[in-house]
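Here is what each chain is made of, one letter per residue.
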Amino acid sequence: MTSSSSFFQQLSSRSQSINSLLCIGLDPHFKELNLPPTANETERAEAAYQFCQRIIDATHPYTVCYKPNAAFFEAIGTKLGCATLRRVIDSIPSDIPILLDVKRGDIGTTASAYADACYDTVHGLNGDGVTLSPLMGWDSVEPFITGKYANKGAFLLCKTSNPGSNDILALTLQNNNNETLFEKIARLANEWSQKAVVSDNVPSSSSSTDNNNTTSSSSSSSSSPPPKLGLVVGATDPQALSAARRAAGPDVWILAPGVGAQGGDLASACKAGLNDAGTGMLIPVSRSVSGAADPGAEAQRLKDEINAARSAVLEARGVKKRKQIDNTNEDHGGGGGGGGVALYQKEFLEFSLQEGVLKFGSFVLKSGRTSPYFFNAGLFSSGSALHKLGKSYAAAIMASELVDKDGKVTFDVVFGPAYKGISLGALVCAALYNNFGVETGFAYNRKEVKDHGEGGILVGASMAGKRVLIVDDVITAGTAIRESYDLLKSIEAIPVGVSIALDRAEKKSLDDPLSAVQAVARDLNIPVVSIVALPQLQEYLRCSSKYDEEVLKHVTEYRSMYGV
Ligand SMILES: O=c1ccn([C@@H]2O[C@H](COP(=O)(O)O)[C@@H](O)[C@H]2O)c(=O)[nH]1
């Protein structure tokens, strides 16, 4: 994955946007490859690659990251083992982080070489994060998370899922706290994360442009840098999971292997390891998915089961869950949300700027206001931009209340009103399927009535009696959305929400405190979900070094004058 965000920011952001805590392991066990023992290295390599491809193709919408275990690739043979692992990594969609399960640990100089082998984009494996043994101390971990690898992250083996983890990791230390060795490791994850930041000489406050992991930090101060270290704690030992969570605090991510083939209980593990925001935990599963007749269906089932367990935990803890699980936009009723910027929002703003869709300057709007920015969705006009646009809409939808507590979308059909909405609706429908495995119908209307061919003004999926999401680019006065709403009602469809790209989140007039988006949400009594709103644009500018301070100043002034 190529990204300027840190490994744990990437995990956090993807976890939020696909509403999942599932991590799929890529472990091509020889016996799962269906090869004769005499198979040569080339045959083993190809079979391992195809084995992984089948899993990746089927499961990518559901997994926060992929976790290939190097052991199974090294065992292919000395010539093709690492090359096959790299080939698999290269085939993974670029927005999915790669956690290399290598469990390294060595003196600093050797650790540096291991880090190059794991991360180097040319000669190495191009991973985003690794698993490490912490037993050789800070200097064995440092090369994996500092210097040229400051954006990478590592999960430290803390209390592993195997029975033998009690032999050493569960021993009680004779120190002041009388804690277990694994609790000490859990505390060290925090201390060493801080140390890594100091080692990189990055001031805490400026190092964090992480706007999207608010859900993972229920009690952290806003100035603490995002963690660089997580912990491996087996789902097979819920007591250890609780103790590790207590020792590490809410912000540290815990990778909890052992569900499925190793017999760990998912519900108990979630209860013990989730933080109060219902996150901070990844459940890696390898054999249960690879051995399933339909790996995609099994991954989706696991994702849903984990989310059900999360909901149960949050309910039991008396926490209002939805917004804390997966959402940085606090207000989908058209208030423009809070100022946090999720990774998908940052990416959306960046490619909108690159494509010239979003521009800064001085623009006189129809309303007569002089705006410091202008957004023209009609300028998304290349294949790559449209692909990214669909993905951004889909990510915003999946992070909103258009997804119910079981992780299911609340609509059956995506409706794109003529003209602009037609292509946007089609993009969104395809992106929901492609990125999130969400299958819905697609329909659109014509402005002109045809008297031949399909006839009528509605084309595509049938909408009568169905829950419908309306997709458009922006809401200016809201007239087009209201017309769509009336049209849907007239055929007895059930409009349940609106999805737009940008919410300008500004008052309709100085005497009217509501924005056009808020008025639509209120009058039609349905949520309006935007990819970004004015507060995210302002926050993006505040964190970006690419734009002149004047741009931020003008946007801030505009927001304070007209913003809702
Ligand atoms: O404590 C640990 C640390 C790592 N693993 C690894 O996770 C997978 C588990 O595979 P399943 O098929 O889901 O059991 C495997 O790669 C292990 O090496 C672990 O199990 N426990």
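Residues numbered from 1 in each chain as written. Predicted model: local features only at pLDDT ≥ 70, side-chain atom pairs only at ≥ 80, totals over all residues.

The protein carries the name Orotidine 5'-phosphate decarboxylase in an unreviewed UniProt entry, which gives Discostella pseudostelligera as its organism. You can read under Catalytic activity (unreviewed entry) in the UniProt record for the protein the words "orotidine 5'-phosphate + H(+) = UMP + CO2". Recorded under Subunit (unreviewed entry), the UniProt text for the protein is reproduced unchanged: "Homodimer." (UniProt positions renumbered as here; feature names shortened; annotations may be inferred.)

Here eight strands make up an open sheet; going across it, the order is 2-1-8-7-6-5-4-3 and the pairing parallel. Strands at the two margins of the open sheet, each flanked by one partner only, are strand 2 (65–68) and strand 3 (99–104). The sheet contact formed by strand 6 (residues 229–233) and strand 7 (residues 254–255) spans two bridges and is parallel. Each bridged residue has a counterpart across the sheet, and for Leu231 the counterpart in strand 7 is Ile254. Lying over the sheet, helix 13 (residues 295–316) contacts strand 1 (22–26) and strand 8 (281–285), oriented at roughly 145° with respect to strand 1. (Pairing = 2+ DSSP bridges. Helix = DSSP H or I, 4+ residues; strand = E, 2+ residues; numbered from the N terminus. Contact = placed C-beta atoms within 7 Å. Axes fitted to C-alpha atoms, helices over the stretch in contact; angles between N-to-C directions.)

For the rest of this paragraph, the subject is the packing of helix 15 (residues 343–354) against helix 16 (residues 383–398). The N-to-C vectors of helix 15 and helix 16 enclose an angle of 150°; their axes lie 10 Å apart at closest approach. If you check the angle between helix 15 and helix 16, you find them roughly antiparallel. Relative to helix 16, helix 15 is oriented so that their crossing is left-handed. Between helix 15, through Tyr344, Glu347, Phe348 and Phe351, and helix 16, the contact on the second element is made entirely by Ala385, Lys388, Ser392, Ala395 and Ala396. (Parallel < 35°, antiparallel > 145°, perpendicular 65-115°, else oblique. Left-handed = near helix turned anticlockwise from the far one by under 90°.)

Taken as a whole, the protein shows an average pLDDT of 89; of its residues, 90% reach a score of 70 or greater. Scored below 50 in pLDDT, residues 202–223 makes 54 contacts in the model with residues more than four places away or belonging to other chains. Scored below 50 in pLDDT, residues 320–339 makes 67 contacts in the model with residues more than four places away or belonging to other chains. Note on the complex model: pTM 0.61, ipTM 0.91. (pLDDT = per-residue confidence, 0-100.)

Turning to the site of the ligand, a few remarks are in order. As a matter of local geometry, the ligand sits amid 17 residues, with Thr160, Ser161, Pro257, Ser286 and Arg287 nearest to it. Partitioned by chemical class, the residues of the shell around the ligand number five nonpolar, nine polar and three charged. (Near = placed C-beta within 6 Å. Nonpolar A, V, L, I, M, F, W, Y, C, P; charged D, E, K, R; others polar.)

With that out of the way, let us pick up the pairing of strand 4 (residues 129–132). Of the two faces of strand 4, the one holding Gly129 and Thr131 and the one holding Val130 and Leu132 are both buried throughout. Across three bridges, strand 3 lies against strand 4 in parallel orientation. Considered in strand 4, the bridge of Leu99 is made with Gly129. With four bridges connecting them, strand 4 and strand 5 (residues 153–159) associate as parallel partners. In the sheet register, Val130 faces strand 5, and the bridge partner there is Ala154. In this region the chain leaves strand 4, passes through helix 6 (residues 138–145) and returns to the parallel neighbour strand 5; the handedness of that crossover is right-handed. (Buried ≥ 20, exposed ≤ 12 C-beta atoms within 10 Å, placed from the backbone. Right-handed = clockwise from strand over helix to strand, strands pointing away.)

On to the environment of Gly407, then. With respect to the element layout, Gly407 can be found in the loop between helix 16 and strand 11 (413–416). The exposure class assigned to Gly407 is buried, which follows from the 24 C-beta atoms found within 10 Å. Along the sequence, Gly407 and Ala308 sit 99 residues apart, while their C-alpha atoms lie 8.4 Å from each other. Among all residues touching Gly407, those that are not within four sequence positions of it are Asn19, Lys303, Asp304 and Asn307.

The buried fraction of helix 10 (residues 238–248) amounts to eight of the eleven residues, a majority that puts the element mostly inside the structure. Every buried residue of helix 10 is listed here: Pro238, Ala240, Leu241, Ala243, Ala244, Arg245, Ala247 and Ala248. Buried residues in helix 10 make contact with strand 5, helix 8 (181–199), strand 6, strand 7 and helix 11 (266–273). Within two residues after helix 10, Gly249 carries a phi angle of roughly 85°, on the positive side.

This part covers the nonpolar core. Membership of the largest hydrophobic core comes to 160 residues, with the highest contact counts inside it found for Leu22, Leu156, Leu231, Ala244, Ile283, Tyr393 and Phe415. In this structure Ile283 touches Leu21, Leu22, Cys23, Ala235, Ala256, Val259, Leu266 and Ile306, once residues within four positions along its chain are discounted. (Core = buried A, V, L, I, M, F, W, Y, C linked by C-beta atoms within 7 Å.)

On to unusual backbone geometry. The peptide bond linking Ala418 to Tyr419 adopts the cis configuration, its omega dihedral lying at -10°. Relative to the elements of secondary structure, Tyr419 occurs in the loop between strand 11 and helix 17 (420–436). Even without glycine at this site, Asn525 takes up a positive phi of about 55°. Within the secondary structure, Asn525 is located in the loop between helix 19 (516–524) and strand 18 (528–533).

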